[in-house]
Amino acid sequence: MIPPLLKGKPLPRHIAIIMDGNGRWAKSRGLPRIFGHRAGTQSVREAVKVCGELGIEALTLYAFSTENWARPKAEVSALMGLLSKMLSTEVSELNKSGVRLMAVGRLHELPAKVRGELEKAIDKLKSNTGLILNLALNYGGRQEIADAVNKIIHLGIKKVDEKILSKYLYTADLPDPDLMIRTSGEMRISNFLLYQLAYAELYVTPTLWPDFRREHLYQAIASFQARERRFGGA
Ligand code: FPP
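This one's a predicted model, so the numbers in the text were calculated from it and none came from an experiment.

Rules and cut-offs
Residues numbered from 1 in each chain as written. Predicted model: local features only at pLDDT ≥ 70, side-chain atom pairs only at ≥ 80, totals over all residues. Heavy atoms only, no water. Helix = DSSP H or I, 4+ residues; strand = E, 2+ residues; numbered from the N terminus. Rg over C-alpha atoms; globule rule 2.2 N^0.38 Å. Buried < 20%, exposed > 50% of the residue type's maximum accessible area, 1.4 Å probe, protein only. Phe/Tyr/Trp six-rings, centres within 6.5 Å; stacked < 30°, edge-to-face > 60°.

Peer 1: Please clarify how the overall build of the chain should be interpreted in this entry.
Peer 2: For the chain, the count of helices and strands is seven helices and six strands. Each helix and strand of the chain, placed in order from N terminus to C terminus, yields the pattern β-α-α-β-α-β-α-β-α-α-β-β-α. Here the chain has a C-alpha radius of gyration of 18 Å; the compact-globule value for 234 residues is 17 Å, and the two agree. Sorting the 234 residues of the chain into buried and exposed places 50% on the buried side.

Following this line, the structure appears as structure tokens:
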């Protein structure tokens, strides 16, 4: 199920996406911001489907950052509502596609309803062996590094190297993302997977997240395939 455009060169193992531009999408239509988030859920479904079809190992989606709490209360609660609804309604479809779910972030600070739905969905999908869908929820890269260091201190480990640090990050079980996509044209990492993106190829598209479809994802992957990855070597 690999389209001709992407044949012949290795695919990324792990794609990470900053799903940006929902607010602008809604604003340009004279709609409240939450309509943009709602429209963005269709792009989430499509990205998961396409990554599954391509046999990508992992897809990490930045769904809610530690900074997003600063948004208006009504938007935060609408986003939380959308997340818990998605988690409960999508689980059987995800199961049919063999998707396994995980989440990274300070999950204990999420509303109980979201945590409950998240735990249920993770449990229901835990034996699947297809795409790993990793949701970054109440996630911040600096906070993740601080949390890892605190775990290491707590364990009494006296000397840290990159391997140990990686082992105590939330993403210990995943390969580092090799492709990071950001929609809506912003050229920033915004506290997303700071440690793990060290060698990732970055792809920024002006397309707003609610408009991001299969062909946009193919384009991003094709751009990744066209690059020469040197990892600091010559
Ligand atoms: C950024 O757009 C988007 C978010 C903060 C939320 C993304 C969440 C979803 C698409 C909901 C569904 C998610 C899952 C994974 C179940 P923005 O509001 O910052 O847009 P703007 O920059 O145009 O204002």
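Continuing now.
Peer 1: Just checking my understanding: could you explain unusual backbone geometry for this structure?
Peer 2: Only a minority of non-glycine residues have a phi that is not negative, and only a minority of peptide bonds are not trans. Of note, N138 is a non-glycine position whose phi angle comes to about 50°, a positive value. With respect to the element layout, N138 can be found in strand β4 (residues 132-139). Located in the positive-phi region is S190, a residue other than glycine, with phi close to 50°. In this structure S190 comes out as partly exposed when scored by relative accessible area, which is 29%.

Peer 1: Whenever I open this one, the packing of aromatic side chains confuses me. Can you help?
Peer 2: The geometry of an aromatic ring pair comes down to the distance between the two centres and the angle between the two planes. Per the counting criterion, the structure on display carries seven aromatic pairs. Between the aromatic rings of Y139 and Y170, the centroid separation amounts to 6.1 Å while the plane-to-plane angle is 75°, which identifies the pairing as edge-to-face. Of the two residues, Y139 is situated in strand β4 and Y170 in the loop between α6 (162-168) and β5 (179-183); the sequence distance between them amounts to 31 residues. Ring plane angle 90° and centroid distance 6.3 Å describe the contact between Y139 and F192, whose orientation is recorded as edge-to-face. Of this pair, Y139 sits in strand β4 while F192 sits in the loop between β5 and β6 (201-205), and the two are 53 residues apart along the sequence. The residues Y139 and F192 share a single accessibility class, namely buried. Taken together, the ring pairs in this structure connect Y62, Y139, Y170 and F192 into an aromatic cluster.

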